[in-house]
Structure formats: structure tokens, C-alpha cells
Amino acid sequence: AERAALASWSGPGRTADGRPVKLLANVADAASARAATSEPVTGIGLFRTELSFLDRETEPSVDEQAAIYADVLEPYAGDGRHVVVRTLDAGSDKPVAFASHPDEENPALGVRGLRLAFADPGLLHRQLDAIAIAAERTGTECWVMAPMVATVAEARDFGVAVHERGLKAGVMVEVPSAALLAHKVLEEVDFLSIGTNDLTQYTMAADRMASDLAHLTDPWQPAVLQLVAIAAEAGRRADKPVGVCGEAAADPLLACVLVGLGITSLSMAAAAVRPVGARVGGVTLGRCEEMAEAALAAEDPASAREAARVLLP
Ligand code: PEP
Ligand code: MG
């Protein structure tokens, strides 16, 4: 019966009492973007562009990049949908030959993500040109965000470059500094998207790839939830969207907590959309807020989970 209820749940994303929660897909390429259209999503919340280039020795031309991005954008034209394109998140766990910084002692804390643009701004500007061409060609509403932003100045520079091309600009909240200064970051850009995978890694100082540290790299860590709460509150005050696009958004129970913290969109692997949508749809906003408060008050992930679970209706 539960499986049938899931299969028949068809959106749109909202709490039991009608608070809208945008449900979006995380995609890697045109095939996964097209596949996600059969789920009840209103767009793509994370297109990881670097995954198109893992096997490339040299930087693709602007024209070639534009064609790749247009294939992802094209199925989402119109109907109030949008696609969030993330600029290259090269380095550390996602090495890209033409954009990686060689021989770093500690690549997760090195020149990765937006930091690549410090040394080579042309790389970012060519990618933004290609994204703008793809948006224009497809007529799809396209938002652009940068990974690994740590300072307000980075958000400002990125926002200027994206706005110059007529697109909406955002930054990922993956570094605790960006969460703590979310109110100032939001003066520079139009939206935030919290990458809980990296935010957890950097908050807990625990490598997300290290399986023996899984008890630390758990997005239910109350310290991580505190940072999510700070970013969401900044979004509420600025009246700008703050979403989550890390794995946390794919956990139906945690999704309720995130909504209770004030998160306005959840982006996840397409397969998770129905379970998450159905779960959030069964809980009122007020109850989500109670679940969030209980999880924040816990001292570890297990008690946070349990505190939220017992509040399910
Ligand atoms: C994240 O860090 O949570 C995120 C969504 O980005 P990625 O997993 O690609 O690093
Ligand atoms: Mg990340």
C-alpha cells in the first residue's frame, strides 16, 4: 500500500497545509536531465557540469560547452520551470585535467571549485558565456551558481559576472563561513543552495570519502543543522530562495526537518523525489518546525533522527 501511495503521488511539492516546497532533480548530463522529466519535479536544482569533462584533457570550446548545456536545459523550457547550472567544481574528489591544480598537499582544502577562477578567470568567463548561449538558445530559465564559495567578495565577483550575462546568480553554501555570513552573501546574489555533503565535511573536519568517518559525515549532525538554520533564516529575511542540493534532501525525514528550518527547495537524485514529496506532503509546516527544533536541540545524529521521527504524524 505504501509503495502504491508513493507511485501515485504526483506533486506538486508542498506540506500537508499547503506551504510550497520546490522539488528539483540533481543531474549529471542530458540523459539524466531528460529522465528526470518523468518525475514530479519543477526543474533541476543541481547540474554538475564538471561531470561532463572528467575524461577531457583540454578545455572544450565555448560552442561545444554551449551544446552540452543546451541539451540539459532544453527539456525544461517553459511551464515555470528552471535549471540551476553549477559552474565547474573541479578539484579534490572531482579531478578535471584541464582545470585541476596539481600536487596539492590537501586538495579538499585547496584550489577547487570557484577558487580555480582566482588563477584563471578566463575559464569561468568562457563557461558563463557558454551557459548564457545555451539559456538563450533553449529559452529555459537558467540560474547559475558557484561551488566552494567562502567569502562575501567571492560571491560579489561571481554575482557581477553572472548578472552581466542576464542570468540569476547564486552560490552554494558548502563552507561554514558562507553559512555564517549568509545574510551578507545574499546582498550579492539572488539565491543560495546548501551543499550538505561538503558543508558536513567542512563543519566536522571529516573527509566525505572516508567510510570510517561516516558517523561524523552525517548531515543529521546538529552542528550542520545549525548552519542550515542560519542560512535559511538569512533567506527568509532577504526574501530570497535557499535550497538544499546535497544528499540530505533525499532523506524523507530530514527533508521535513529542512522544510521546518525554512528551506524553500529540495534537489535530489530523481529516484528520491516521490518518497520525499509524499513524506513532506503528509506533515504540516508547523509540525516540520517542531521536528526541526527537536533535531537542533539533540546532541548527536542518532538522537536528532529519533527526536524528529517521534513527531511524525
Ligand atoms: C554537496 O557538496 O553537497 C554538493 C551538492 O556538491 P557535490 O556533492 O557535487 O560536491
Ligand atoms: Mg560539493
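Residues numbered from 1 in each chain as written. Chains lettered and ligands numbered in written order. Predicted model: local features only at pLDDT ≥ 70, side-chain atom pairs only at ≥ 80, totals over all residues.

Looking at helix H12 (residues 273–280)
Short version of the rule: Exposed residues have 12 or fewer other C-beta atoms within 10 Å of their own C-beta, buried residues have 20 or more, and partly exposed residues fall in between, where C-beta atoms are placed from the backbone. Helix and strand assignments follow DSSP, with helices taken as H or I runs no shorter than four residues and strands as E runs no shorter than two, numbered in order from the N terminus.
H12 sits mainly inside the fold: 6 of its 8 residues count as buried. Regarding H12, the residues found buried are Val-273, Arg-274, Val-276, Gly-277, Ala-278 and Val-280.

Some details on the site of ligand 1
Keep this limit in mind: We count a residue as near a molecule or strand when its backbone-placed C-beta atom lies within 6 Å of that partner.
Every residue near ligand 1 is listed here: Leu-46, Arg-48, Asp-89, Glu-174, Gly-195, Thr-196, Asn-197, Asp-198, Cys-245 and Gly-246. Mapped onto the shell around ligand 1, the elements with two or more residues apiece are strand S2 (43–48) and helix H9 (196–204). By residue number, the principal contributor to the shell around ligand 1 is H9, which donates 3 residues.

As for the nonpolar core
To keep it simple, the criterion reads: A set of buried residues qualifies as a nonpolar core if it consists of Ala, Val, Leu, Ile, Met, Phe, Trp, Tyr and Cys joined through C-beta atoms within 7 Å. This entry defines residue contacts through backbone-placed C-beta atoms, with two residues in contact when those atoms are within 7 Å.
Residues Ile-44, Val-171, Ala-231, Leu-258 and Leu-266 are the most contacted members of the largest nonpolar core, which totals 103 residues. Residues contacting Ala-231, with those up to four places away along its chain left out, are Val-173, Ala-179, Ala-182, Leu-192, Ile-194 and Val-242.

Digging into the environment of Ala-135
In this structure, Ala-135 sits in helix H5 (residues 121–138). In this structure the C-alpha to C-alpha distance between Ala-135 and Lys-94, which are 41 residues apart in sequence, comes to 25 Å. Filtering out sequence-adjacent residues up to four positions away, Ala-135 remains in contact with Leu-73, Thr-140, Cys-142 and Leu-167.

A word on the pairing of strand S5 (residues 168–173)
For clarity, the cut-off: Call a crossover right-handed when, viewed with both strands pointing away from you, the route from the first strand across the helix to the second goes clockwise. Between any two strands, pairing holds if DSSP finds at least two bridges.
By the criterion of burial, S5 is predominantly enclosed, with 5 of the 6 residues buried. A crossover connection joins strand S4 (residues 141–146) to the parallel S5 through helix H6 (residues 152–163); in handedness this β-α-β unit is right-handed. As paired elements, S5 and strand S6 (residues 191–194) share 4 bridges and run parallel to each other. Looking at the pairing, Val-173 lines up with Ile-194 of S6.

A word on the sheet that holds S6
Selection criterion: Throughout, an axis means a line fitted to C-alpha atoms (over the contacting stretch in the case of helices), and angles, computed between N-to-C directions, take values from 0 to 180 degrees.
The sheet built from 8 strands closes into a barrel, its strands ordered S1-S2-S3-S4-S5-S6-S7-S8 with parallel pairing. Strand after strand, the sheet turns through a mean of 25 degrees between neighbouring axes, direction not considered. Sheet topology note: the strand S7 (residues 242–244)/strand S8 (residues 265–268) ladder contains 2 bridges and is parallel. If you follow Val-244 over to S8, its bridge partner there is Leu-266.

So, the pairing of S4
Sheet faces and side chains relate simply in a regular strand, where the side chains alternate between the two faces. For S4, the buried fraction is high: 5 of the 6 residues fall into the buried class. As judged from the 4 bridges shared by S4 and S5, these two strands associate in the parallel manner. Note on S5: the bridge partner recorded for Met-145 is Gly-170.

What to know about unusual backbone geometry
Cis geometry marks the peptide bond from Gly-11 to Pro-12; its omega dihedral reads 0 degrees. For Pro-12, the location among the structural elements is in the loop between helix H1 (2–8) and strand S1 (22–27). Not every positive phi belongs to a glycine, and Asp-79 is a case in point at roughly 60 degrees. Structurally, Asp-79 can be placed in the loop between helix H3 (62–73) and strand S3 (82–86). Residue classification places Asp-79 among the exposed residues on the basis of 9 C-beta atoms within 10 Å. Even without being a glycine, Asp-239 presents a positive backbone phi close to 55 degrees.

Quick word on the confidence of the model for the protein chain
What counts is decided by this rule: What pLDDT expresses is the predictor's confidence in each residue, scored from 0 to 100.
Of the residues in the protein chain, 99% reach a pLDDT of 70 or more, and the chain-wide mean stands at 96. The ipTM assigned to the predicted complex is 0.99, against a pTM of 0.97.

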